[in-house]
Amino acid sequence: MGSSSAQTPILQVNKLKKYFRQDSSMFGRSERWLKAVDGVTFTIQTGETLGLVGESGCGKTTVGRTVIGLYQPTAGWVAYKGINLARVTASRRLKNRRQMQMIFQDPYASLNPRMTVGDIIGEPIAIHQPRIRNKERADRINELLNMVGLNPEHANRYPHEFSGGQRQRIGIARALAVEPELIVCDEPVSAVDVSIQAQIINMLEELQEKLNLTYLIIAHDLSMVKHISDRVAVMYLGKIVEMVESEELYNNPLHPYTRALLSAVPIADPDVERQRKRILLEGDLPSPVNPPSGCYFHTRCYRVLPVCRQQEPAMRELGNGHYVACHNV
Amino acid sequence: MEQLLHVKNLEVEFRTYAGVVKAVRGIEFQVNPGEVVAIVGESGCGKSVTAQSIMRLIPSPPGRITGGSIIFDGENLLNKTERQMQKIRGNTIGMIFQDPMTYLNPVLTIATQITENLRLHKRMNKEQAMRRAVELFGLVGIPEPEIRLKQYPHQFSGGMRQRVMIAMALACEPKLIIADEPTTALDVTVQAQILELIKGLKDRFQTAIILITHDLGVVAGQADRILVMYAGQIVETGTTDEVLKKPSHPYTWGLLKSVPRLDAVKGKKLTPIWGQPPDLLQDFTSCPFVPRCDYAMSICAQQMPPFFNGNKVRCWLNHPQAPKVKFKKEVS
Ligand SMILES: Nc1ncnc2c1ncn2[C@@H]1O[C@H](COP(=O)(O)OP(=O)(O)OP(=O)(O)O)[C@@H](O)[C@H]1O
Ligand SMILES: Nc1ncnc2c1ncn2[C@@H]1O[C@H](COP(=O)(O)OP(=O)(O)OP(=O)(O)O)[C@@H](O)[C@H]1O
Ligand SMILES: [Mg+2]
Ligand SMILES: [Mg+2]
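Residues numbered from 1 in each chain as written. Chains lettered and ligands numbered in written order. Predicted model: local features only at pLDDT ≥ 70, side-chain atom pairs only at ≥ 80, totals over all residues. Heavy atoms only, no water.

Topic: the sheet that holds strand β2 (residues 19-31) of chain B
All names here are of chain B.
- Strand order in the open sheet formed by four strands is β2-β1-β4-β5, and the pairing between neighbours is antiparallel. Bordering the open sheet on either side are β2 and β5 (75-76), each of which pairs with just one other strand.
- Judged from the two bridges that link them, strand β4 (residues 63-72) and β5 form a sheet pairing that is antiparallel. In the strand pairing of β5, I71 is matched with N76. (Pairing = 2+ DSSP bridges. Helix = DSSP H or I, 4+ residues; strand = E, 2+ residues; numbered from the N terminus.)

So this is what it looks like as C-alpha cells:
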C-alpha cells in the first residue's frame, strides 16, 4: 500500500462481468441472464489487503472465484502481475494457479471428508510440485500445521474430528501449502464461533506480515472487514459503489448505500447505540436478473434524483483514492 | 413488580451415543412484563435449549428436562400436559426463530397459517381472522397485505419471512415472545429493519421478549438485561449497561474484545479467547472457563465459583480477597 503508482499492482481487475444463464422455462426462447458481477474494476498492490463487502447475493464470491480463474469472465479481464489471465501460456497459468489461492466460505463443505488432514494439505503440493519427495512433503505439512496453530499429530485425523475454527485453520494451511502470493479469503470467519473469530483474524494478519501475502478478503461483516483491510470496496448488486481507505470509509462514507450499511451495523456499546441514528432502507435487494434502470440502488435510495432512474452513475475518483459512483456526490 | 416468567434451577440433558450431554446446568432467571432479556454466549452454550425448554419443545428422546421449574404467569409449565401446552404456544407465548422456513408450512398459504392460530386460540371466525391478519401485516410492514397473504412461504424473501413469523408470533397478543436468533440469517440492512420493528412492538404492546443471540451489538440496542451463558450455566447477569460497560466475568470481557467494533481505532489488535468451547459431556467441579481464562487463579481450577455481587457473576475474581484485574478498569 501507499506504493508509487509506477509499480504494477499484483492484481488488476478491469470492467469484470460474470453473468450466469438462467433456465427460466423449458420452452422459453428468450435467454435470461443473472448478472452476478456487472462491471467491477479494482487493483491490489503487493502486501495490501482489500476488503470486499456487501449483502448476500451481491456477487462477492463470484468476484473471488473469477479472480482466481475458477470462472471465465463474461466480459472484462483480470491481470496478475500485469499479465491478462486469459492470454497467458499454459505453463504460466499453472504457476498462477499456485500463486493465487482461495480460502472458501464454508470450512465444513470445502474439506474432503474422506481424506486425512495431512493429505488435504499435501494435495496441492503433490499437484504443483510433483517432484518433491514424500519425506520433504511430510516435513512441509508439519511446518504448515504448526504455522496455523495445529499439531503435527493432527495430520492423520479426518476433518469431522475438528471444530469449525480448526477446520478453517486446515483450509488456511492448505492454501499456504504452495507458497501463494495472493489469497482470496471468502468469509474466513463467518462459519466459526464468535469467540474463535479473533484467533483466525490475528493469524491471517500475522501470516501476512511474515510471508508478505496479498489478501482479497470477502465478507459481509463490515466491522471485521474494516479491522483487517487497508482499503474497502462496497458492492451492491454486482457493482462496486464506493472504494476507499478503510478508516476513511468509516469516517467519511459518501455513497448513500455505504452510509445505510454503516449505520445498520450494531455496536456493542449501549451509549453509542442510544445515540445512533439508523438509516433504514426500504425493501430488499432487487433481483440481479432484472436489475433496476439507471443507478441500481435508486429503488431503495433515500436521496434519489430524477437522473438516478435513467442514467448509471460513473465511478469517479475524488482525490486521495476515494472512489464513488453516485449522482449525488 | 409481579414477574412474568421465573426459570428456577433448570437442568436439561441429551442422551447421545457419545454419552450424556448436560446442555443446561441449573440456570435461574426472571423476566418481568414488558422487559427485554437477552441471552448471549457462543455456539452450544445452551441458549436454544433454554428457549425450547420454556416452550416444552425439547425433542424427547434424546432430550429430557431433569430438574427445576418454569413458572409462567404463576403456573409451572413443566407440570402441563402436551394439550395444555398447545394452548399456550402461539397464544400467550409467541416464538420467532432464526430460520422461519422450518416453522412455516411450505404447502399452505400464509393466510391459512396465520388465521389457523387466531381461530384456534381466539375463536375468531374466518372473516374476523382474515381482517386481523391484514392488520398484522400492516403492523409488521408488509405492503399489499391482501395479495401477500394469499402467497406461499417460498414467495417471500428472507426478511419478509421473518416479518411473517413476527406477525404470527404477535397474532394472539402474547405476554412473552421468545426470539431465537431472529436476525442472524439476515443482512445488516434487513436486520436493522427487523430490530426496529421488534423494538416498536415492545413499546406499543408491553410484550416481554427473550432475545437470544451471539451478537453483543444487537443486544446493546435492544435489551434491558443480559444473561451471559457458558457451558450450560449463567456466568454473568445484569443490566445491559452493567454487562457491556463493566463486565465482571473474563468470558464476557473476552466476548467483547474478540469481535472487532466498527467504531474501533485502526491498528488495535483483537484479543482472542484461546482454546475451544468446552465439551458438555464433561462434569465440571470447578469453573468450566479455566482452560481459556487469562486471569485464572489456583482456586478457579479447584472449586466451582458461587455467584458474587448479589447473584450477578459467577467468577472467583469477584471474591473480596481476589486481586483486582485490569479489564474492569479498561472498559470504563
Ligand atoms: N454458479 C452459479 N450459477 C448461477 N448463479 C450463481 C452462481 N454463483 C452465484 N450465482 C448467483 O450470483 C449472485 C451472486 O452470488 P455470490 O455467491 O457471488 O454472492 P455473495 O455476495 O458471495 O453472497 P453471500 O454473501 O450470500 O455469499 C447470486 O444471485 C447467486 O445466486
Ligand atoms: N437434539 C439434541 N440432541 C443432542 N444434543 C443436543 C440436542 N439439542 C441440543 N443439544 C446439545 O445441547 C447443547 C446446547 O445446545 P443449544 O442448541 O442450546 O446451543 P446454542 O447456545 O443455542 O448454540 P447456537 O448459538 O449454536 O445456536 C449443545 O452441546 C448441543 O449439542
Ligand atoms: Mg459468498
Ligand atoms: Mg441456538
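Digging into the site of ligand 1
Residues and elements named next belong to chain A.
- Around ligand 1, the surrounding shell holds 14 residues, and the nearest of these are S56, G57, K60, T61 and T62.
- Take K60: an N or O atom from its side chain is 2.8 Å from an oxygen atom of ligand 1.
- Interatomic distance of 3.4 Å between a side-chain N/O atom of Y71 and a nitrogen atom of ligand 1.
- When ligand 1 is considered free in solution it has 630 Å² of accessible area, and contact with the protein chains removes 67% of it.
- Elements represented by at least two residues in the shell around ligand 1 include exactly β2 (32-44) and α1 (60-67).
- Residue contributions to the shell around ligand 1 peak at three residues, all from α1.
- Of the residues assigned to the shell around ligand 1, the class counts are six nonpolar, six polar and two charged. (Near = heavy atom within 4 Å. Polar contact = N/O pair within 3.5 Å; in protein donor to acceptor, adjacent residues only side chain to side chain. Areas by Shrake-Rupley, 256 points an atom, 1.4 Å probe, with all protein chains shown as cover. Nonpolar A, V, L, I, M, F, W, Y, C, P; charged D, E, K, R; others polar.)

Quick notes on the pairing of strand β7 (residues 182-186) of chain A
Residue and element names in this part refer to chain A.
- The buried fraction of β7 amounts to five of the five residues, a majority that puts the element mostly inside the structure.
- Side chains of β7 alternate between two faces, with L182, V184 and D186 and I183 and C185 buried alike.
- Here strand β6 (residues 100-103) runs beside β7; their pairing, made up of four bridges, is parallel. Directly across from M102, in β7, lies its bridge partner V184.
- As defined by bridge partners, β7 adjoins strand β8 (residues 214-218) across five bridges and the pair is classed as parallel. Opposite D186, over in β8, you have I218 as the bridge partner. (Buried < 20%, exposed > 50% of the residue type's maximum accessible area, 1.4 Å probe, protein only.)

Thoughts on the interface of chain A and chain B
- Contacts between chain A and chain B engage 45 residues on the former and 44 residues on the latter.
- Of the roughly 3800 Å² buried where chain A meets chain B, counting both sides, 57% is carbon and sulfur surface.
- When the buried surface of chain A facing chain B is broken down by residue, V194, S195 and A268 of chain A rank first, second and third, together holding 15% of it.
- The interface formed by chain A and chain B includes four salt bridges.
- Across the salt bridge formed by D271 of chain A and K245 of chain B, the nearest N and O atoms sit 2.9 Å from each other.
- Run the count over chain A and chain B and you get 15 residue pairs in polar contact (both at pLDDT 80 or more).
- For the side of chain A that touches chain B, the secondary-structure elements that each account for two or more residues are α6 (194-211), α7 (222-228), α8 (246-251), α9 (256-264) and α10 (270-275) of chain A.
- Looking at the side of chain A that touches chain B, the element that brings in the most residues is α6 of chain A, giving nine residues.
- Split into classes, the residues belonging to the side of chain A that touches chain B amount to 19 nonpolar, 11 polar and 15 charged. (Contact = heavy atoms within 4.5 Å. Buried area = accessible area lost by both parts, 1.4 Å probe. Salt bridge = Lys/Arg side-chain N within 4 Å of Asp/Glu carboxyl O.)

Here's the deal with the pattern of salt bridges
- Within this structure, the stated rule accounts for 30 salt bridges over all chains.
- A salt bridge links K269 of chain B to E205 of chain A, with the shortest nitrogen-to-oxygen separation between them at 3.3 Å. Taken together, the residues span two chains, with K269 of chain B in the loop between α10 (250-258) and α11 (326-331) and E205 of chain A in helix α6.
- A salt bridge links E135 of chain B to R132 of chain B; the shortest N-O distance between them is 2.9 Å. Of this pair, E135 of chain B and R132 of chain B both sit in helix α4 (residues 126-139), separated by three residues, roughly a single helical turn.
- The network of salt bridges with shared partners includes D271 and R274 of chain A together with D241 and K245 of chain B.

A closer look at the side chain of T116 of chain A
Residues and elements named next belong to chain A.
- For T116, the location among the structural elements is in the loop between β6 and α3 (117-128).
- Residue class for T116 comes out buried when judged on its relative accessible area of 15%.
- In contact with T116, other than residues within four places in its own chain, are A155, N156, R157 and Y158.

Section: the site of ligand 2
Residues and elements named next belong to chain B.
- What surrounds ligand 2 is a group of 15 residues, the closest being S43, G44, K47, S48 and V49.
- At 2.8 Å, a backbone N or O of G44 approaches an oxygen atom of ligand 2.
- In the environment of ligand 2, an oxygen atom lies 3.3 Å from a nitrogen or oxygen atom belonging to the backbone of C45.
- Elements that contribute at least two residues to the shell around ligand 2 include exactly β1 (5-16) and α1 (47-55).

Quick notes on the packing of aromatic side chains
All names here are of chain B.
- One pass over the structure, following the stated rule, counts nine aromatic pairs over all chains.
- Judged by centre distance (4.2 Å) and plane angle (15°), the rings of F97 and Y103 are stacked.
- Its relative accessible area of 11% is what places F97 among the buried residues.
- The exposure class of Y103 is partly exposed, given its relative accessible area of 43%. (Phe/Tyr/Trp six-rings, centres within 6.5 Å; stacked < 30°, edge-to-face > 60°.)

Thoughts on the environment of P250 of chain B
Residue and element names in this part refer to chain B.
- Among the structural elements, P250 can be located in helix α10.
- Spatially, the C-alpha atoms of P250 and Y295 are 7.3 Å apart, while their sequence positions differ by 45 residues.
- In this view, P250 contacts F289, C293, Y295, C315, L317 and F327; residues no more than four positions away in its chain are not counted.

Some points on the side chain of Q113 of chain B
- Topologically, Q113 of chain B is positioned in helix α3 (residues 110-122).
- With near-sequence residues (within four places) excluded, Q113 of chain B lies in contact with Y103, L104, N105, L108, P153 and M168 of chain B.

What to know about the nonpolar core
- The biggest cluster of nonpolar side chains holds 107 residues, and the ones touching the most others in it are L5, F29, I54, I114, L176 and I210 of chain B.
- Counting residues per element, this core draws most heavily on helix α6 (residues 158-170) of chain B, at eight residues.
- Residues lining this core come from more than one domain, with at least three contributed by each of domain 1 (103-164) and domain 2 (246-318) of chain B.
- Sequence-distant contacts of L176 of chain B, defined by excluding residues within four places in its chain, comprise L4, L5, V31, F72, T92, I93, G94, T207, A208, I209 and I210 of chain B.
- With 66 residues, the next largest nonpolar core counts I141, F162, V225 and C295 of chain A among its residues. (Core = buried A, V, L, I, M, F, W, Y, C linked by side-chain atoms within 4.5 Å. Domains from an automatic or database assignment.)

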